[in-house]
Amino acid sequence: MKILKKDIVIIGVIIVIAVCFLIYNSVNDRKGTGVEITVSGKLYKTFPIDKDGVYEITNGSEHNTLVIKNGKVNISEATCKNQVCVKHKSISKANETIICVPNKIVVKIVSDSENELDGVAK
Ligand SMILES: [Zn+2]
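These numbers were taken from a predicted model, which means no experiment stands behind them.

A. Examining the nonpolar core more closely. Grouped together as the largest cluster of nonpolar side chains are 17 residues, with contacts concentrated most on V35, L66, V73, I75, V107 and I109. For this core, the secondary structure elements donating two or more residues are β4 (62-69), β5 (72-78), β6 (97-100) and β7 (105-110). Here this core gets 4 residues from one element, more than from any other, and that element is β7. The residues touching V107, leaving out its near neighbours within four places in the chain, are V35, I37, L66, V73, I75, T97 and I98.

B. Representation of the sheet that holds β4 in the model. Pairing in this open sheet of 3 strands is antiparallel, and the strands run β3-β4-β5 from one edge to the other. Whereas interior strands pair on both sides, the edge strands pair on one side only; in this sheet they are β3 (53-59) and β5. Neighbour-to-neighbour, the strand axes of the sheet open up by a mean angle of 25°, direction not taken into account. Bridging between β4 and β5 involves 6 bridges; their strand directions are antiparallel. Opposite T65, over in β5, you have E77 as the bridge partner.

C. Just the sheet that holds strand β2 (residues 42-48), in detail. An order of β2-β1-β7-β6 is seen for the 4 strands of this open sheet, with the pairing classed as antiparallel. The two strands at the open ends of the sheet, each matched to only one other strand, are β2 and β6. Neighbour to neighbour, the strand axes of the sheet diverge by 15° on average, direction disregarded. Alignment of strand β1 (residues 34-39) against β7, held across 6 bridges, turns out to be antiparallel. Bridged to V39 within β7 is I105.

D. Region of the structure containing the pairing of β2. Here 6 bridges tie β1 to β2, and the two strands are oriented antiparallel to one another. Its bridge partner lying in β2, E36 is registered against T46. From the end of β1 to the start of β2, which pair antiparallel, there are 2 residues, and S40 there has a positive phi angle of about 50°.

E. The environment of Y44, seen in detail. By the secondary structure assignment, Y44 is in strand β2. For Y44, a count of 16 C-beta atoms within 10 Å corresponds to the partly exposed category. Here the alpha-carbon distance between Y44 and V107, two residues 63 residues apart in the chain, equals 10.0 Å. With sequence-adjacent residues up to four places away left out, Y44 is seen in contact with I37, T38, V39 and I57.

About the criteria used
Residues numbered from 1 in each chain as written. Predicted model: local features only at pLDDT ≥ 70, side-chain atom pairs only at ≥ 80, totals over all residues. Core = buried A, V, L, I, M, F, W, Y, C linked by C-beta atoms within 7 Å. Buried ≥ 20, exposed ≤ 12 C-beta atoms within 10 Å, placed from the backbone. Helix = DSSP H or I, 4+ residues; strand = E, 2+ residues; numbered from the N terminus. Contact = placed C-beta atoms within 7 Å. Pairing = 2+ DSSP bridges. Axes fitted to C-alpha atoms, helices over the stretch in contact; angles between N-to-C directions.

Quick look at the structure:
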């Protein structure tokens, strides 16, 4: 099989993308320390992720029920029509989000420490 110059370029590009992806993932793999709630583009509230709780997030007549349990966050109930946020899997890592488009509610995991790595024993 003859390897063409074009193939080498393609392989090179794939390797570069793979490496970038790995770096991005390791950077992104931080444990969250807080849950930031944005309603209609404005910061609504920030909750600690290590404290279990159930919170009502309201936006006018719409509301979403936020559940924080064992460091994982999910929406258990919402008044939106599409229920995408309810079906979304639980999030726990920094920068992960659950967005409820109809209710304009964004749930985002934030991390206080930029250097805090996941998996560090407490
Ligand atoms: Zn929703």
